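# Per-entry structural report
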Amino acid sequence: MGQFQKRLIDWYDKNARVLPWRSSASPYQVLVSEFMLQQTQVDTVLPYYERFLEAFPNLEGLAAADEQEVLKLWEGLGYYRRALNLHRSARKVVECFDGKLPSNRDDLLKLPGVGPYTAAAIASIAFGEAVAAVDGNIRRVYARLFAVEGALGEKDTETKLQSLAADSLLRERPGDYNQALMDLGATVCLPRKPMCDSCPLFEVCLAFQKGLVAALPRRKPKPKVPHLTIVAAVLQDGEKVLIAQRAKGDLLGGMWEFPGGKLEKSDASMEAGLKREIMEELGVLIDVGEPFGVYKHAYTHYKITLHAFLARLKAGESLDKPHGEPETEVLAWVLPGDLINYPMGKVDRLIAEKVIAHNSINAQ
DNA sequence: TACACGTGGAC
DNA sequence: TGTCCAAGTGT
């Protein structure tokens, strides 16, 4: 065993975080945890993981589940395509792998939503295959340990980091070793304030020796994100409100929203823009009423300010007889008390909560 | 290769 | 308040 591998695994044996998908966890539990942990920190995942495992204790249960139920359990966690892919993966395991999760990296890679990192993580952690799982933590740790100067995301850099990980892997305990590197990255070798004082590897860390810890790993500059103005309708019919299901593949695919869209420069007003969007999406004329809140939100690649309005169908309009060819296929008139059952992104959930509060006030 | 894809926490 | 960043994958 190389010098730093022993130090690292000794550190891990004393300092490993206690997590519900470690020790005595089934391969299925590792699968669920790895999907949830993609681009998401441990503390955020924990409550979602517990609820998910309670609802779907095993792979067969998940495969048999309704997609909307899976999305509802994922609500708030983000990157909802992960939930759809996890669901699809469970079904593929049942159909193509006799209900048993594949035990090697190559077969795991055949599952939707399982890429190079996740396949190696499951193979090493759940099945003991000697493969390096290289995530953001591990790339940062190796970039510092070996003073890799190239920027993350560049091909040469990524190849170098993959090679370092593969060559350094502690083949006797690949799952523990991969997780030791991730724990070190998540608790000691932090992106902004690395705690070199308490690092078991500082003596062999080239970045530490060269005074480059704060500078590495280098990153490519991020593009500025555009800011959009969105208008949305709380379309009322009696006590019910209209929600629409977003198309899969798009942002928040499979989730429900209050219909609307981007305000265009050509729109004379927000009310006019909302009428235009509703005609395009639903094929009906509406009367726009009072403003119903302003919501700011930041997605990964753009920011929005959403203006919601109360609205009603114009007299004589019906969603059953739309004008033209509306873009939205799946719609539902829902009582406020039922809105909680529909998976929604953050902003639409906030609007839904206001609708529920609004309704309970009016009911008094 | 570059971009789309969510949300919350740290500073 | 704004920016960065997090156990990545698919296109």
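These numbers were taken from a predicted model, which means no experiment stands behind them. In this numbering scheme, every chain counts its residues from 1 along its sequence in written order. Both sets of labels track the order of writing: A upward for chains, 1 upward for ligands. Where local features are concerned, this predicted model is filtered to residues with pLDDT of at least 70; where side-chain atom pairs are given and counted, the filter is 80 or more; whole-chain, interface and lining totals use all residues. Side-chain figures throughout are based on the complete set of non-hydrogen atoms in the structure, without hydrogens or water.

### Here's the deal with the overall build of chain A
Note on conventions: DSSP H or I runs of at least 4 residues are helices, E runs of at least 2 residues are strands, and numbering of each starts at the N terminus. The secondary structure content of chain A amounts to 14 helices and seven strands. Principal-axis analysis of the C-alpha atoms places the extent of chain A at approximately 80 × 50 × 40 Å. When each of the 364 residues of chain A is scored for burial, the buried share is 47%. Of the accessible surface of chain A, which amounts to about 18,500 Å², a share of 51% is contributed by carbon and sulfur atoms. Here the positive residues are Lys and Arg and the negative ones are Asp and Glu; neither His nor the chain ends is included. Each charge is placed at NZ for Lys, CZ for Arg, CG for Asp and CD for Glu. Chain A carries 45 positive and 47 negative side-chain charges, and their two centres are separated by 7 Å. Between buried and exposed lies partly exposed: a residue is buried under 20% and exposed over 50% of the maximum accessible area for its type, with that area taken using a 1.4 Å probe on protein chains only. Surface accessibility follows the Shrake-Rupley procedure with a 1.4 Å probe radius. Residue values consider only the protein chains on display as shielding.

### Let's talk about the pattern of salt bridges
Each reported salt bridge corresponds to a side-chain nitrogen of Lys or Arg within 4 Å of a carboxyl oxygen of Asp or Glu. One pass over the full model with this rule turns up 17 salt bridges. Between E67 and K248 there is a salt bridge, and its shortest N-O distance comes to 2.6 Å. On the criterion of sequence distance, the pair formed by E67 in helix α5 (residues 67–74) and K248 in the loop between β2 (240–245) and β3 (256–257) is long-range, its members being 181 residues apart. Classification of E67 as partly exposed rests on a relative accessible area of 22%. Two residues, K314 and D287, come together in a salt bridge whose shortest N-O distance is 2.6 Å.

### Let's talk about unusual backbone geometry
Of note, the amide linkage connecting L216 to P217 takes the cis form, showing an omega dihedral of -5 degrees. Residue placement: P217 occurs in the loop between α12 (206–210) and β1 (227–237). We note that Y79 has phi near 45 degrees; this positive angle belongs to a residue other than glycine. Here Y79 lies in the loop between α5 and α6 (81–96). Using a relative accessible area of 45% as the deciding quantity, one classes Y79 as partly exposed.

### Examining the domain arrangement of chain A
Much of the literature gives interface size as the accessible area that the parts lose upon coming together. When its domains are assigned, chain A resolves into domain 1 (3–210) and domain 2 (227–362). Using only C-alpha atoms to locate each centre, domain 1 and domain 2 end up separated by 38 Å. Contacts are assigned to residue pairs that have any heavy atoms within 4.5 Å of one another. Each side of the interface is counted separately: domain 1 has nine residues, and domain 2 has 17 residues. Carbon and sulfur atoms make up 49% of the surface buried where domain 1 meets domain 2, a total of about 880 Å² over both sides. Our count for the contact surface shared by domain 1 and domain 2 stands at two salt bridges. Here a polar contact is recorded for every N or O atom pair within 3.5 Å, except that within protein the pair must consist of a potential hydrogen donor and a potential acceptor, and residues adjacent in sequence are included only if both atoms are side-chain atoms. For the pair domain 1 and domain 2, the number of links is seven residue pairs in polar contact (both at pLDDT 80 or more). Sorting the residues of the side of domain 1 that touches domain 2 by element identifies α5 and α6 as the ones contributing at least two each. The dominant element in the side of domain 1 that touches domain 2, judged by the number of residues it contributes, is α5, at four residues. The start and end points of each domain follow an automatic or database-based domain assignment. Buried area: the accessible surface (1.4 Å probe) lost by two parts on joining, summed over both.

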